[in-house]
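Examining the three-dimensional arrangement
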Amino acid sequence: MELLLSSAIGMLTAAGVYLILRRRSFAVVLGMTMLSYAINLFLFSTGRLVVNAPPVLRDGAASYTDPLPQALVLTAIVISFGMTAVVVMMALGAFLEGGDDRVDMPRADRLPADSLSADRMSGDGDA
Amino acid sequence: MSHLIIAPVVLPAVIGPLIILWMRHDLLLQRVFSVAATAALAGVALYLNLLAAGGEVQVYRLGNWAAPFGIVLMLDRLAALMLLLTALLALAVQLYAMGSGWDRKGRHFHALWQFQLMGVCGAFLTGDAFNLFVFFEILLIASYGLMIHGGGEMRLRAGVQYIAYNLAGSTLFLAALGVLYSVTGTLNMADMALRVAAMPAEDTALLRVGAVLLMLVFAIKAALVPLHFWLPSTYANAPGPVAALFAIMTKVGVYGIIRFFTLVFPQDAVTQSVVADLLLPAALFTLAIGQVGILGTRHLGRLAAFAAIGSIGTLMIAVAQFTPQGTSAAVYYLVHSTLAAGALFLVMDMIGARRGDLWLRLDRVMPGNGLVAALYFVAAIAVVGMPPFSGFVGKLLVMQATGGAPAMVWIWAIILITSLVAIYALSRAGTILFWKSFELGLAPAPPAAAAAGPKLEPDEPVQDLGDAPANWLAVASVVLLLSGIVALTAFAGPAMRLAEATAAQLHDPDAYVSAVLEGQEGTK
């Protein structure tokens with residue numbers, strides 16, 4: 001089980017990091033989601049992996065699993081869910097205003113419009 | 001135990017929703033309640049400073065639960081000072097936002113402002129590592145809204161970048177907390193400090209990983225090179241007053257580093273040298289890149305943003321010493337650089353309001369040229385650290401604190417050379433903006449605001465002067481911030497004694513730990 005969980009966390013993280021380095025906002029949002037899944041699984045495992053044990057101590061329970069990471073994961077899920085909603089709305093707004101869903105800033109962010117000649121603009125166009 | 005310790009969190013948390021639910025359509029009511037709340041916050045922060053001045057660390061146990069299990073809020077000198085700084089900056093900048101008309105360019109400005117204050121104050125007060133994460137998220141989610149206030153293509157694009165970068169930072173924060181929890185089995189910072197101190201040196205591999213991850217998270221927030229890439233576009237595209245408030249947000253990252261690496265991973269622990277070894281080169285690069293960036297940019301917002309990055313570099317050089325002297329210099333410079341960066345962003349916004357855009361290029365003379373030039377002059381001197389203002393005192397203290405350090409030659413050389421670069425860059429910008437413009441003659445007078453009525457183009461990157469409902473208030477609030485810098489210079493002696501007392505308290509974490517974990521009779 002340790003191998004399964006750790007490889008799942010590793011693969012989700014790798015996929016997430018690859019996706020957030022893409023230039024399109026859709027891929028970035030997907031990457032964020034994968035990263036947060038990976039982190040949630042990782043947080044879950046910080047209380048050590050225990051199978052078939054109650055999280056709350058009762059009479060007669062021989063062992064228990066740490067309940068705190070489960071509470072942390074719950075908080076982290078809620079926060080990352082909300083943040084994903086915000087980033088989707090923001091990406092949608094940027095797409096509607098700017099006409100494309102690229103994540104990098106255009107040259108017009110760094111240079112005034114009149115100093116951008118036509119050929120330099122085209123070099124910055126759709127890729 | 002004073003219940004007012006929790007007021008800096010509760011007050012904005014109550015006023016923010018009230019503004020959304022009851023005053024959504026009435027800007028005047030929003031303004032009155034929001035300013036009153038921020039002023040009350042400043043009053044509470046002042047009282048908390050008096051409370052903390054006794055030198056005793058105050059603990060507020062939420063729900064009266066016993067310490068390692070319940071969440072605690074902690075009030076020491078540093079937390080109280082940061083609260084006061086936040087409240088005063090927020091008050092002045094909020095007055096600017098109202099005077100310049102920024103707050104009516106979109107809805108919910110004041111509500112988001114209060115939520116932002118709630119997150120920042122909570123982050124300064126909390127004594128629980130996971131609670132710190134939650135407050136970070138609160139301040140971030142409010143800052144996302146504030147950053148795109150007013151809308152427009154560039155602002156939204158920069159906002160997407162800002163969110164993406166900080167979401168990645170948040171996942172890193174959770175990873176760091178997970179690692180630390182798996183090693184120490186606690187999230188309470190004082191309890192964590194005890195367990196880290198009791199850990200045998202050969203078992204600290206994971207602990208060091210956790211500490212470095214945590215440092216990376218705070219370095220992202222503080223915009224330390226090479227994790228600073230989110231800052232220039234974000235601050236340059238954010239509305240002027242919002243960028244000025246964000247001057248305190250980078251300081252939250254600095255606060256996190258100071259807090260964790262004096263309390264949980266102090267000097268003698270195995271982790272400490274790793275962090276200091278990484279932090280000092282990063283701080284030097286931050287300073288150099290920030291100051292050279294001022295020279296390289298052609299956008300006034302970016303110019304102020306790079307100046308903010310440079311000041312973080314100077315600040316982190318002092319922090320990276322991890323000595324009481326270094327920390328006290330850092331505390332003094334932190335207060336100064338927050339006020340100076342805030343003032344510079346506001347002055348840049350004033351220039352943008354008069355010129356119609358924020359590009360650094362030759363244009364005709366702006367209306368009110370002399371006044372804006374004078375304000376720019378004072379803010380620029382404060383930012384580069386020339387006498388007679390507190391930036392000079394601050395830089396001197398930083399250099400004094402690094403006097404005996406092994407890397408002293410590097411530190412002094414980089415501080416002095418980059419100061420020269422910044423002086424050149426800011427005087428060049430000032431010359432282009434205020435003096436050479438006379439070659440082109442005066443700009444036409446702006447159309448009378450009363451006749452045209454507020455035009456409120458939401459997509460404009462700047463708020464035009466013609467739209468400003470009370471320009472005198474905007475000017476007065478910049479003067480207020482700058483007079484804070486003057487006061488910090490005039491009362492440098494008392495301020496420095498306060499900073500020294502703060503540093504002494506930080507470097508004696510035993511008092512903090514015992515305040516949390518001892519004397520818990522009567523708790524649940």
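Residues numbered from 1 in each chain as written. Chains lettered and ligands numbered in written order. Predicted model: local features only at pLDDT ≥ 70, side-chain atom pairs only at ≥ 80, totals over all residues.

What counts is decided by this rule: UniProt positions are given in the numbering used here, feature names are shortened, and annotations may be inferred rather than shown by experiment.
An unreviewed UniProt entry lists chain B under the name Multisubunit potassium/proton antiporter PhaD subunit, from Paracoccus versutus. Quoted straight from UniProt, the Sequence similarities (unreviewed entry) entry for chain B says "Belongs to the CPA3 antiporters (TC 2.A.63) subunit D family."

Under the annotation held in an unreviewed UniProt entry, chain A carries the name Multisubunit potassium/proton antiporter PhaC subunit and is attributed to Paracoccus versutus.

**So, the overall build of chain B**
Applied cut-off: In this text, helices come from DSSP runs of H or I with a minimum length of four residues, and strands from runs of E with a minimum of two, each type numbered from the N-terminal end. Here the radius of gyration uses the C-alpha set of atoms, whereas the globule reference equals 2.2 Å times the residue count to the power 0.38. Exposure in this text rests on C-beta crowding, where 20 or more other C-beta atoms within 10 Å of a residue's own make it buried, 12 or fewer make it exposed, and counts in between make it partly exposed. The C-beta atoms are placed from the backbone. Contacts are defined on C-beta atoms placed from the backbone: any two residues whose C-beta positions lie within 7 Å are in contact.
In terms of helices and strands, chain B carries 21 helices and two strands. At 22 Å, chain B has a C-alpha radius of gyration in line with the 24 Å of a compact globule built from 524 residues. The principal-axis extent of the C-alpha atoms belonging to chain B is close to 70 × 55 × 40 Å. Each of the 524 residues in chain B was classed as buried or not, and the buried ones make up 61%. Here the contacts in chain B between residues at least 6 apart in sequence split such that 80% fall between residues at least 24 apart.

**Here's the deal with the overall build of chain A**
Scanning chain A from terminus to terminus reveals four helices and zero strands. Counting helices and strands in the order they occur from the N terminus, chain A gives α-α-α-α. The C-alpha radius of gyration computed for chain A amounts to 22 Å, which surpasses the reference 14 Å derived for 127 residues by more than 25%, pointing to a less compact arrangement than a globule. A principal-axis box enclosing the C-alpha atoms of chain A has dimensions of 80 × 25 × 20 Å. The buried share among the 127 residues of chain A stands at 23%. Put simply, 50% of the contacts in chain A that link residues at least 6 apart link residues at least 24 apart.

**Concerning the packing of helix α3 (residues 68–98) of chain A against helix α5 (residues 129–147) of chain B**
Quick note on the threshold: Comment: axis = line fitted to C-alpha atoms, over the contacting stretch for helices; angle = value between 0 and 180 degrees taken between N-to-C directions. Throughout this description, any angle smaller than 35 degrees is read as roughly parallel, any larger than 145 degrees as roughly antiparallel, any in the 65 to 115 degree range as roughly perpendicular, and the remainder as oblique. It is the rotation of the near helix from the far one that decides the hand of a crossing: anticlockwise by less than a right angle makes it left-handed, clockwise makes it right-handed. In this classification, Asp, Glu, Lys and Arg are treated as charged, Ala, Val, Leu, Ile, Met, Phe, Trp, Tyr, Cys and Pro as nonpolar, and every other residue, Gly included, as polar.
Closest axis-to-axis distance for the α3(A)/α5(B) pair is 12 Å, and the angle between their directions is 15°. When the interaxial angle is binned, α3(A) and α5(B) end up roughly parallel. Note on packing geometry: the crossing formed by α3(A) with α5(B) is left-handed. Contacts between α3(A) and α5(B) involve L72(A), T75(A), I79(A), M83(A), V86(A) and M90(A) on the former and, on the latter, F130(B), V134(B), E137(B), I141(B) and Y144(B). Along the lines of polarity and charge, the residues of the contact of α3(A) with α5(B) split into nine nonpolar, one polar and one charged.

**Thoughts on the packing of helix α8 (residues 205–222) of chain B against helix α11 (residues 247–263) of chain B**
Two numbers describe a pair of packed helices, the interaxial angle and the distance between the axes. Residue and element names in this part refer to chain B. Following both chains from N to C, one finds α8 and α11 inclined at 155°, their axes separated by 6 Å at the closest point. The orientation of α8 with respect to α11, classified from their angle, is roughly antiparallel. Mapping the contact onto sequence places L214, M215, F218, A219, K221 and A222 in α8 and T250, V252, G253, V254, G256, I257 and F260 in α11. Of the residues assigned to the contact of α8 with α11, the class counts are nine nonpolar, three polar and one charged.

**A few points about the confidence of the model for chain B**
For residues with low pLDDT, the predicted coordinates do not support detailed interpretation. Put simply, the rule reads: Per-residue confidence from the predictor is reported as pLDDT, which spans 0 to 100.
Within chain B, residue pLDDT values average 91, and 96% of them lie at 70 or more. Interface confidence in the predicted complex, given as ipTM, is 0.89; pTM for the same model is 0.93.

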